[in-house]
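Structure at a glance
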Amino acid sequence: MNEEAAPNAAATALEEAERLIKAGDYASARAMCEKLIEKFPADADALAALGRIAMLQYRWPDAIRLFDQALCARTDPVTLANLGNCYWKTGELDQAEYCLRGALALEPGFNIARTGIATLHHACGRFAEALAELDAVLQETPADHQAQTRRGCTLARLERYDEAQAAFSKAVADARSEEHTSELQSRLHLVCRLLLEKK
């Protein structure tokens, strides 16, 4: 394979790996990315894809290692935010916040990182700070049902139950425009019912 064809082949393989990830075929996607890494050990995209597969399989230490390797090859906000979310899952909150704030510094409008920071605030009991971050996200992307769901959780912890119920209802409505949301809708409807009983 000549030097010009190699990057094209790698890009094609990554596109196929992404398709497999979306289809839930993590084993095949992982095998494809690992073959790429054998040929191109510093391929940041392949390393990041392997990290995301590890996240989807709840293999947090593997995901952290892979994202670290990807960031050594190329620093980008998405990989940094994913690394932060992995640290949050393993309870390393300081590291998580460092990564998420780093991602936000690289791309100030990166709402995934801002939502992650809000999640950390919530986990630490800083509910007002969490709400402020989520309100900022929803001001820019009003149909973000994940941010709206987290906002509902935070409002419930603040015992603002009417607002929490409205947030969950909005999240359900926004989620309807996306695929594979029936389980999310069922869970949010259940939360709304529980909030009504609590009032």
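Right above here is the structure, for reference.
Residues numbered from 1 in each chain as written. Predicted model: local features only at pLDDT ≥ 70, side-chain atom pairs only at ≥ 80, totals over all residues. Heavy atoms only, no water.

**Looking at the side chain of Arg151**
- In this fold, Arg151 is placed in helix H9 (residues 145–157).
- Leave out the neighbours within four places in its chain, and Arg151 touches Leu131, Leu134, Asp135, Leu138 and Ala167. (Helix = DSSP H or I, 4+ residues; strand = E, 2+ residues; numbered from the N terminus. Contact = heavy atoms within 4.5 Å.)

**Here we look at the packing of helix H8 (residues 127–140) against H9**
- Packing of H8 against H9 leaves a shortest axis separation of 10 Å and a crossing angle of 150°. Taken as axis vectors, H8 and H9 run roughly antiparallel relative to one another. In the packing of H8 onto H9, the handedness of the crossing is left-handed. Contacts from Phe127, Ala130, Leu131, Leu134, Asp135, Val137 and Leu138 in H8 reach Ala147, Gln148, Arg150, Arg151, Thr154, Leu155 and Arg157 in H9.
- Looking at the contact of H8 with H9 residue by residue, the classes come out as eight nonpolar, two polar and four charged. (Axes fitted to C-alpha atoms, helices over the stretch in contact; angles between N-to-C directions. Parallel < 35°, antiparallel > 145°, perpendicular 65-115°, else oblique. Left-handed = near helix turned anticlockwise from the far one by under 90°. Nonpolar A, V, L, I, M, F, W, Y, C, P; charged D, E, K, R; others polar.)

**A look at the nonpolar core**
- Formed by 35 residues in total, the largest nonpolar core has its most connected members in Leu83 and Cys86.
- Those elements that provide at least two residues to this core are helix H1 (5–22), helix H2 (26–39), helix H3 (44–56), helix H4 (60–73), helix H5 (77–89), helix H6 (93–106) and helix H7 (111–123).
- Residue contacts for Leu83: discarding those within four places in its chain leaves Ile64, Phe67, Asp68, Leu71 and Cys99.
- Residues Leu155, Ala156, Ala167 and Phe168 belong to the second largest nonpolar core, which totals six residues. (Core = buried A, V, L, I, M, F, W, Y, C linked by side-chain atoms within 4.5 Å. Buried < 20%, exposed > 50% of the residue type's maximum accessible area, 1.4 Å probe, protein only.)

**Observations regarding the pattern of salt bridges**
- A full pass over the atoms with the stated rule returns 13 salt bridges.
- Here Asp45 ties to Arg74 by a salt bridge, and the two come within 3.0 Å at their closest N and O atoms. Linking Asp45 in helix H3 with Arg74 in the loop between H4 and H5, this pair joins segments that are 29 residues apart in sequence.
- Between Arg65 and Asp62 there is a salt bridge, with its nearest N and O atoms 3.7 Å apart. Taken together, the residues span about one helical turn, with Arg65 and Asp62 both in helix H4 at a distance of three residues.
- The class of Arg65 is partly exposed, set by a relative accessible area of 41%.
- Accessibility expressed as a relative area gives 27% for Asp62, which makes it partly exposed.
- Each of Asp45, Arg74 and Asp76 takes part in a single network of salt bridges with overlapping partners. (Salt bridge = Lys/Arg side-chain N within 4 Å of Asp/Glu carboxyl O.)

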